[in-house]
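What the coordinates show
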Amino acid sequence: MKKEIVFSVIIPVRTITPYVKETISFLKKLLYKKFEIIVITDKKESYPGVVVIASGEPTPAFKRNLGAKKAKGEFLAFLDDDSYPDKPWLNRALAIFKEGQEVAGVCGPTLTPPSDSVYQKASGWIWASWLGSGAAGVYRNRVKSRREVDDFPSVNLLVRKEDFDKVGGFDINHWPGEDTKLCLDLVNLGKKIIYDPEVLVFHHRRAVFIPHLKQISRYAMRRGYFARVFPETSFRIGYFLPAIGAYGMIFGLIVAFFFSFLRPIYFFLLLLYLFLILLSGLEVYLKERNFKLSTLVMLGIFSTHMVYGLLFPFGFFKKKLKTIPHKVDLKKKSYIGG
């Protein structure tokens, strides 16, 4: 007798890395068992208990769409290759989908794994802090109350296959940001995307500083571009604030140099910003009791805002953005950079 498949868990990768193997091991421990695992790789590979599909080297969105075409489940469960779910993940998601056909998507928080290094944990805290996450929302990286959302990353996103097919799946021209476009398309169908704190996934972070900032640079360019072409979910003041702050910090100093009456305002705003960073660091220290971690978080928030803020306008005014896939070290079976 064939096993009934309700969920198809889809993971796009370039190659099967140790992180992917970890993800698969956690999937096999899920309480809910009616699912299949589909991994889409560049070249032909195999792994026990997993459907592995070779796709060449297209965008992650193309890989996810390919996985969806092969999927047998009623629901598509998207994970990144460096994430793994909590044991009740699919149980809780299924309960939410059963609330009604108007629920097209389910998502939940992505937490930093306890095993991550202090540099990865710093990145996780940047994403989880109010000052660091900004318009993206603290709820994406912390356990928060249930809510309806209109934009959520595909590291922990489950979608009703019927609705996924209706909108044509992911837009293969975008990475990162293909999840933002998919969510917008689902909402435009008149459907709901429900965030629930019990639909929980753990997500390994890019270590501060270089890998983390490389990731931020991609997000900044893409969100800037989306703020112009998809203003419904991306033209929001929170996404613009880092750019206002970064350019304001640079040009404000020049203006204050020539106009002395503006100096008190400039330095007051600068000190206020630094005070907020200090508060973020203090929160981390009080919870983690790790001075090195809190220091990395404070420096990371500042550098994140500067990189994101300076690049955001470049994305906004770009006519088109290229999608460049992760470089991979095939010998070490690991990704290179952020």
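Residues numbered from 1 in each chain as written. Predicted model: local features only at pLDDT ≥ 70, side-chain atom pairs only at ≥ 80, totals over all residues. Heavy atoms only, no water.

Concerning a nonpolar patch on the surface
Rules: Each patch is assembled from residues with relative accessible area greater than 30% and no salt bridge, linking like charges that lie within 9 Å and nonpolar side chains (Val, Leu, Ile, Met, Phe, Trp, Tyr) that lie within 5 Å. Per-residue and other accessible areas were derived by the Shrake-Rupley procedure at a 1.4 Å probe size, with only the shown protein chains allowed to occlude residues. By definition, a salt bridge exists where a carboxyl oxygen of Asp or Glu is found within 4 Å of a side-chain nitrogen of Lys or Arg. Secondary structure elements are defined from DSSP: runs of H or I of at least 4 residues count as helices, runs of E of at least 2 residues count as strands, and each element is numbered from the N terminus.
A contiguous nonpolar surface patch, about 1,100 Å² in accessible area, is contributed by Ile265, Phe268, Leu269, Leu272, Phe275, Leu278, Leu279, Leu282, Tyr285, Leu286 and Phe291. It is helix α11 (residues 263-288) that contributes the most residues to the nonpolar patch, 10 residues altogether. Mapped onto the elements of the fold, Tyr285 is located in helix α11.

Topic: the nonpolar core
Going by this rule: Nonpolar cores were defined as sets of buried Ala, Val, Leu, Ile, Met, Phe, Trp, Tyr and Cys residues, with membership established by side-chain atoms within 4.5 Å. Using a 1.4 Å probe on the protein chains alone, a residue whose accessible area is under 20% of its type maximum counts as buried, one over 50% counts as exposed, and one in between counts as partly exposed. Contacts were defined at the residue level, with two residues in contact if any of their heavy atoms lie within 4.5 Å.
Counting residues in each nonpolar core, the largest one holds 31 residues, and the members touching the most others are Phe7, Leu27, Trp89, Leu90 and Leu158. Those elements that provide at least two residues to this core are β1 (7-12), α1 (18-27), β2 (35-41), β4 (75-79), α3 (89-97) and β6 (103-107). By residue number, the principal contributor to this core is α3, which donates 6 residues. When sequence neighbours within four positions are dropped, the list of residues in contact with Leu27 reads Val9, Ile11, Phe35, Ile37, Leu79, Pro85 and Trp89.

Considering the sheet that holds strand β11 (residues 201-203)
How we decide: Two strands pair under a simple rule: DSSP has to find at least two bridges between them.
Here we have 3 strands laid out as an open sheet, ordered β5-β11-β7, and mixed in their pairing. At either end of the open sheet lies a strand with only one pairing partner, and these are β5 (83-85) and β7 (110-111). Pairing between β5 and β11: 3 bridges, direction antiparallel. Looking across to β11, one finds that Pro85 is bridged to Val201.

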